[in-house]
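Residue strings, one per chain:
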Amino acid sequence: MAVPFVSVRARGSYREIGRQVGEAARAQIQASLAFFSDNFAAMSGGLEFGDAERKAAAYLPYARACTPQAVEELEGMAEGSGVPFSALLVPNCGEELTAGEPVVGEQPLAPGCTAVAVVSGGRHIVGHNMDWYVIDAVNNVLFDLTEPDGTRLLAFAGAAYLPMVGLNSHGIGNVSNSVHSTDNRLGIANAFVRRSTMAAATLEAARDLGLPTARARGTNQFFADTAGRLWDVESSATASAFADHSAHRYMAHTNHYVAPEMAPFEGSDDAESRTRLRTAEAMLAAGLESGEEPVGLVARVLRCHEPSSQDCICGHPERDLPEADQGMTVGSIICDLDERRLYVCAGPPCEAEYEPFAMD
């Protein structure tokens, strides 16, 4: 069954863009923050929401110095939605506050995202499943933003977050996955780093913007363009690794480091992420070999429930757990870089059709 979501078109200064988003998605932003406020201690291992606001504030000076436009946009979202900026900062420091510690043995609720890309028959397609807390599935936003320089973005995210995955009018596909780095520190929170890369006109610019020296922790940045380039950048707070997958015509990434030089910074021994990666890569390779239509291939991978319910790409909540302990695929996107079209689905993509949005 399809899950509804809000569609917002905004343009102007970064603050004006944020304010328009906040006004259009006010109910969804307020609902998300109410959930975070009520459940943050359970989501974070004991950190109360008020304490989380104070901890998030410590990351803000770094974002103001290095990604001021993203901060202005978030301030506009707070103004438009009528919520305190300090409260809206918490989910945008969510990885730093809830998934920031190294993990051995049992994996925390989130993250569980999967990114894939294919180049086939002159087509350039990027896909991404966003796995996070269940509240986001019913409070998603389709962002259609025109930045001050005229660059247009199509992105999809939970209402309380800056847009971080999608495509732009330069033909750049840009998605990202969380990783558990061991050298975390105070710095620029990942949400601000990822937002800063969204309007990049080239993969080189996106890569550079994704590696600010003052970053707080690691992430995986996954870039593609209409020239057929498939680039992956793994980072920790203090190190990074670059991989060019263009020659293979496909690329996938989940929630662990793949580059050998990043092994010293790996903070998770979770097998599930590695199973998802093997599954995605095998499906992409087989689909390309058989000549499968690329959008359909990417959709099939993102809907995958093999090899098991615990190790599948398309995730569903465990309803017998408290809501704060439930994770799921809260949204899924497919970027057609050639057509500048974004296909979006709120909730698990196995349960609904993707809805197309094109830059007109």
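Source: prediction; values computed, not measured. (Residues numbered from 1 in each chain as written. Predicted model: local features only at pLDDT ≥ 70, side-chain atom pairs only at ≥ 80, totals over all residues. Heavy atoms only, no water.)

1. Comments concerning the sheet that holds strand β6 (residues 166-168)
Then, number 1: Reading across the sheet, the eight strands line up as β1-β4-β5-β6-β7-β8-β9-β10 and stay open at both edges, with mixed pairing between neighbours. With one partner strand each, in any of the chains shown, β1 (6-11) and β10 (240-244) form the two edges of the open sheet. Between one strand axis and the next, the sheet turns through 20 degrees on average, direction left out of account.
Then, number 2: Here two bridges tie β6 to strand β7 (residues 173-177), and the two strands are oriented antiparallel to one another. Each bridged residue has a counterpart across the sheet, and for Gly166 the counterpart in β7 is Asn174.
Then, number 3: Here helix α1 (residues 14-24) sits on the sheet and contacts β1 and β4 (140-146); the angle it forms with β1, its principal contact strand, is near 155 degrees. (Pairing = 2+ DSSP bridges. Helix = DSSP H or I, 4+ residues; strand = E, 2+ residues; numbered from the N terminus. Axes fitted to C-alpha atoms, helices over the stretch in contact; angles between N-to-C directions. Contact = heavy atoms within 4.5 Å.)

2. Focus on the layout of surface pockets
Then, number 1: Here the second largest pocket defines a volume of roughly 250 Å³.
Then, number 2: If you trace the second largest pocket, you find 15 residues lining it, with Thr67, Gln69, Arg195, Ser196 and Leu209 closest to the centre.
Then, number 3: Grouping the constituent residues of the lining of the second largest pocket by class yields nine nonpolar, three polar and three charged. (1 Å grid on protein atoms, 1.4 Å probe; cavity = no way out; pocket = protein on both sides within 12 Å on 5 of 7 lines; lining within 4 Å. Points joined across faces, edges and corners; volume = space filled by probe spheres on them. Nonpolar A, V, L, I, M, F, W, Y, C, P; charged D, E, K, R; others polar.)

3. Thoughts on the packing of aromatic side chains
For any pair of aromatic rings, the description consists of the separation of the ring centres together with the inter-plane angle of the planes.
Then, number 1: Following the criterion strictly, the structure yields seven aromatic pairs and no others.
Then, number 2: Between Phe36 and Tyr133, the ring centres sit 6.5 Å apart and the planes meet at 70 degrees, which makes this aromatic pair edge-to-face. Separated by 97 residues along the polypeptide, Phe36 in helix α2 (residues 26-44) and Tyr133 in strand β3 (residues 123-133) bring together distant segments of the chain. There is no split in this pair, since Phe36 and Tyr133 are both buried.
Then, number 3: Taking the centre distance of 6.0 Å and the plane angle of 80 degrees together, the rings of Phe40 and Phe49 count as edge-to-face. (Phe/Tyr/Trp six-rings, centres within 6.5 Å; stacked < 30°, edge-to-face > 60°. Buried < 20%, exposed > 50% of the residue type's maximum accessible area, 1.4 Å probe, protein only.)

4. Quick word on the pairing of strand β13 (residues 341-346)
Then, number 1: Within β13, five of the six residues are buried, leaving the element largely enclosed by the surrounding structure.
Then, number 2: Across six bridges, the pairing between strand β12 (residues 327-336) and β13 is antiparallel. By the bridge assignment, Ile333 is partnered in β13 with Val344.
Then, number 3: Two strands pair when backbone bridges link them, and β13 and strand β14 (residues 355-358) are joined in this way by four bridges, in the antiparallel orientation. Across the sheet, residue Tyr343 finds its bridge partner in β14, namely Pro356.

5. Observations concerning the pattern of salt bridges
Then, number 1: Evaluation of the coordinates by the stated rule reveals 21 salt bridges.
Then, number 2: A salt bridge links Arg64 to Glu75, with the nearest nitrogen and oxygen atoms 2.8 Å apart. Note that Arg64 is positioned in helix α4 (residues 60-66) and Glu75 in helix α5 (residues 68-81), a separation of 11 residues in sequence.
Then, number 3: Exposure remark for Arg64: the relative accessible area of 41% places this residue in the partly exposed category.
Then, number 4: Where Glu293 meets Arg123, a salt bridge forms, and the shortest distance between an N and an O atom there is 3.5 Å. On the criterion of sequence distance, the pair formed by Glu293 in the loop between α10 (271-289) and α11 (294-302) and Arg123 in strand β3 is long-range, its members being 170 residues apart.
Then, number 5: The structure contains a network of salt bridges with shared partners spanning Arg15, Arg19, Arg64, Glu75 and Glu79. (Salt bridge = Lys/Arg side-chain N within 4 Å of Asp/Glu carboxyl O.)

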